[in-house]
Amino acid sequence: MPRLASHTDSVPPSGIRRIFELAQSLDDVIALVIGEPDVPADPATLDAGSRAWLADDTDYTPNGGIPELREAIVRAVAEHNGILTDPERVWVTNGATQGLHLAMGLLLDPGDEVLVPDPGYTTFTMNAHLLSATAVPYPLRPENAFVPDLAELGRLVTDRTRVIIVNSPSNPLGAVFDRPTMQGLLDFAREHDLWVISDEVYERFTYGTAHVSMASLAGAGTGDDDRVFTVFSASKTYALTGARVGWLLTPSGFAPLLRSAQEAMISCINTPAQRAVVVALTGSQQSVTDAAAHYRENLAEATAALRERGIRYLDPAGAFYLWVDVSYASRGDVAEWAERFLLEQRVAVAPGSAFGRMGEGWIRFCAAAALDDLLEGIRRLPEPPRTEIRLVRPDEYEAVSRQRFAAYAHDYEIGGEYAENVRAVEMHATVAEVWVAVDSATGDLLGSVTLPRPGEALTELGREGELEFRLLAVDPGARGRGVGRQLTEFVLDTARSRGATRVVMNSGTDMVVAHRLYESLGFARMPERENPPGVEPTRAYGLDL
Ligand SMILES: Cc1ncc(COP(=O)(O)O)c(C=O)c1O
């Protein structure tokens, strides 16, 4: 047999499809996994499509779409998005999916790099693989309110970086970037001479924070320095996922190129679907308003239920997704956990890891569902452990000392002076603060961490204005409950309340589990502070607050 193209090997499978297919093989599943509107399409839209079929309106159309649709899109983006464009810059595509592929295909050579959000919509990365380009994830971290850190983004740029993809409102997060964030990203793209692909398919579903279109920002869309491609879609806005109609807005001057690309790829979109979308765009927008109210209400009820149960989530500002932290139960493998949750509890949700490394420990609920199903899905989540963090009591010194030693000895070879130090809880509690995590229900000690007293320092690692923590330990029997994360977050909160500007720590080079935890929380290596004289090789980490 002749061989396949080499890039086919590396196209990653979708971790969401996996759950979806497993769910389909089971009975009684509460399906909250696929991003599919649960509201019906507007009857006038469906009627227009039907009439086109019955009138045999089925000839090829221009590559960019029927003129009525392109003109309707020009008017709609002017009205809803503040984007000034013209029909020659509007390309009707096979959903936003093909719009994305088209834009990425025009902008990326094999080997080029594209910055993609992490967590982010999986198709961004899959497309990069298909094009033999490299997707470089840029982290959206909980501690940064899931907003990109421009300094961190800057460090990811190389001389092969060509494109940054921005997705607001976001799938899977439901986050919406405000105007300064969008402007910051556009300025960043200009500074590094990158193209921007802005995926705005959830543009019409926001709850509080207004949607800002990248192409509406000063200069973009109209000016000389226009570098923004935008993908939109009828799929989510008009509940027409299977109609496959989206549109790509380009900067000016791309028409000849796009005509050829569309001709080669799809020729055009099916005519009745285009006719239907003309009516969707130009007719009453009541169905969009109703759908937004329905998603908003579902999200409000669902977040109230999560709050009540003490389960952490990101407050959704847009789209129809709910991003929920189940790290207390998923033990570092949320893909496996989501599969078990489906098999045992009959609830299908998307594992966060399907959206990138930063999604580990999280799941995505699709809230475009019947409210009862959504609430039942939340009710079936495992009980989160209740953990209290307080200062160690003298009668616990011995137990914490044993636990600290067991925690370190469980993973690493320790002995000599270091082992003595690990055991020295009483001494640490005298000169500093030893905080313990305790299971509120059972009173069991789960772990501990040592902090300096306010205004003091633990070692020379911590400089002026910084808070150093040491000896973070989790009982080997309490692993996977998120205790390490809770203790670290407690340290970050304490640092903030004490006015510190950075949290720092030093650990052994082999403490890889701990390193992974710190990195997932946003800590970065500080090589210049590593290996202090007289100490074993170390790894220092810091997190700017
Ligand atoms: C962020 C994002 N972009 C694009 C798409 C694809 O939409 P379409 O149905 O228009 O191809 C989706 C669908 O889930 C999405 O979530």
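Residues numbered from 1 in each chain as written. Predicted model: local features only at pLDDT ≥ 70, side-chain atom pairs only at ≥ 80, totals over all residues. Heavy atoms only, no water.

### Some thoughts on the pattern of salt bridges
Inference 1: Scanning the model with the defined rule gives 30 salt bridges in all.
Inference 2: With its nearest N and O atoms 3.7 Å apart, the salt bridge here joins Arg70 to Glu88. Here Glu88 lies in the loop between helix H3 (67–81) and strand E2 (90–93) and Arg70 lies in helix H3, a separation of 18 residues in the sequence.
Inference 3: Take Arg70: its relative accessible area is 8%, and that puts it in the buried class.
Inference 4: Residue Glu88 is classed as partly exposed on the basis of its relative accessible area, which comes to 35%.
Inference 5: Here the salt bridges do not stand alone but share partners, grouping Arg390, Arg393, Asp395 and Glu396 into one network. (Salt bridge = Lys/Arg side-chain N within 4 Å of Asp/Glu carboxyl O. Helix = DSSP H or I, 4+ residues; strand = E, 2+ residues; numbered from the N terminus. Buried < 20%, exposed > 50% of the residue type's maximum accessible area, 1.4 Å probe, protein only.)

### Here we look at the domain arrangement of the chain
Inference 1: Taken domain by domain, the chain consists of domain 1 (6–39 + 286–379), domain 2 (45–282) and domain 3 (387–544).
Inference 2: Once you take the C-alpha centre of each, domain 1 and domain 3 turn out to be 33 Å apart.
Inference 3: In this complex, domain 1 contributes six residues to the contact, which on the side of domain 3 involves seven residues.
Inference 4: Here domain 1 and domain 3 share an interface that buries about 490 Å² over both sides, 36% of which is from carbon and sulfur atoms.
Inference 5: Looking at the side of domain 1 facing domain 3, the largest losses of area belong to Arg312, Tyr328 and Arg331, adding up to 58% of the total buried there.
Inference 6: In this structure, the connection of domain 1 to domain 3 is made through one salt bridge.
Inference 7: Between Glu489 and Arg312 there is a salt bridge, with the nearest N and O atoms lying 3.6 Å from each other.
Inference 8: At the junction of domain 1 with domain 3, the criterion picks out zero residue pairs in polar contact (both at pLDDT 80 or more). (Domains from an automatic or database assignment. Contact = heavy atoms within 4.5 Å. Buried area = accessible area lost by both parts, 1.4 Å probe. Polar contact = N/O pair within 3.5 Å; in protein donor to acceptor, adjacent residues only side chain to side chain.)

### Looking at the packing of helix H11 (residues 286–309) against helix H14 (residues 371–379)
Inference 1: It is at 10 Å that the axes of H11 and H14 come closest, and there the two elements cross at 20°. Judged by the angle between their axes, H11 and H14 are roughly parallel. Judged by the sense of rotation from one axis to the other, the crossing of H11 with H14 is right-handed. Contact residues: Glu297, Asn298, Glu301, Ala302, Ala305, Leu306 and Arg309 in H11; Leu371, Leu374, Leu375, Ile378 and Arg379 in H14.
Inference 2: Broken down by class, the residue content of the contact of H11 with H14 amounts to seven nonpolar, one polar and four charged. (Axes fitted to C-alpha atoms, helices over the stretch in contact; angles between N-to-C directions. Parallel < 35°, antiparallel > 145°, perpendicular 65-115°, else oblique. Left-handed = near helix turned anticlockwise from the far one by under 90°. Nonpolar A, V, L, I, M, F, W, Y, C, P; charged D, E, K, R; others polar.)

### Looking at the side chain of His428
Inference 1: Along the polypeptide, His428 turns up in helix H17 (residues 425–431).
Inference 2: A polar side-chain atom of His428 sits 2.7 Å from a polar atom in the side chain of Arg404.
Inference 3: When residues no more than four places from it in sequence are discounted, the contact partners of His428 are Arg404, Asn421, Glu433, Val434, Thr450 and Leu471.

### Some details on the packing of helix H1 (residues 15–24) against helix H13 (residues 334–345)
Inference 1: At a closest axis distance of 11 Å, the pairing of H1 and H13 adopts a crossing angle of 15°. Viewed along their axes, H1 and H13 adopt a mutual orientation that is roughly parallel. Our pair here, H1 against H13, has a crossing hand that is right-handed. Seen from H1, the contacting residues are Arg18, Ile19, Leu22 and Ala23; seen from H13, they are Ala338, Glu339, Leu342 and Leu343.
Inference 2: Residue composition of the contact of H1 with H13, by class: six nonpolar, no polar and two charged.

### As for unusual backbone geometry
Inference 1: The linkage connecting Asp118 with the following residue, Pro119, adopts the cis geometry, with an omega of 0°.
Inference 2: Tracing the chain through its elements places Pro119 in the loop between strand E3 (113–118) and helix H5 (122–130).
Inference 3: Here the residue pair Asn171 and Pro172 is connected by a cis peptide bond, since its omega of 20° sits within 30 degrees of zero.
Inference 4: Among the structural elements, Pro172 can be located in the loop between strand E5 (161–167) and helix H7 (179–191).
Inference 5: Backbone geometry places Ala239, a non-glycine residue, at a positive phi of 55°.
Inference 6: Tracing the sequence through the fold places Ala239 in the loop between helix H8 (234–237) and strand E8 (246–249).
Inference 7: According to the relative accessible area criterion, Ala239 is buried, its value standing at 17%.
Inference 8: Of note, Arg346 is a non-glycine position whose phi angle comes to about 60°, a positive value.
Inference 9: Examined against the element boundaries, Arg346 turns out to sit in the loop between H13 and strand E11 (347–348).
Inference 10: Exposure remark for Arg346: the relative accessible area of 27% places this residue in the partly exposed category.

### Describing the site of the ligand
Inference 1: The ligand sits among 13 residues. The nearest are Ala96, Thr97, Asp199, Ser233 and Ser235.
Inference 2: Taking Ser235, its side chain carries an N or O atom lying 2.7 Å from an oxygen atom of the ligand.
Inference 3: Starting from 400 Å² of accessible surface for the ligand in isolation, the protein chains cover 94%.
Inference 4: If you list the elements that add at least two residues to the shell around the ligand, you get helix H4 (95–107) and H8.
Inference 5: For the shell around the ligand, a count of residues per class yields four nonpolar, six polar and three charged. (Near = heavy atom within 4 Å. Areas by Shrake-Rupley, 256 points an atom, 1.4 Å probe, with all protein chains shown as cover.)

### Topic: the sheet that holds strand E15 (residues 433–439)
Inference 1: Ordered by their spatial adjacency, four strands build an open sheet running E14-E15-E16-E18, and the pairing between neighbours is antiparallel. Only two strands of the sheet have a single partner each, and these edge strands are strand E14 (387–391) and strand E18 (470–474). Sheet twist, expressed as the average angle between the axes of neighbouring strands with direction ignored, equals 20°.
Inference 2: Sheet analysis places E15 next to strand E16 (residues 445–451), joined by six bridges and oriented antiparallel. The partner of Val436 across the bridge, within E16, is Ser448.
Inference 3: Sheet strands in contact with helix H15 (residues 397–411) are E15, E16 and E18, and its direction is about 90° off that of E16. (Pairing = 2+ DSSP bridges.)

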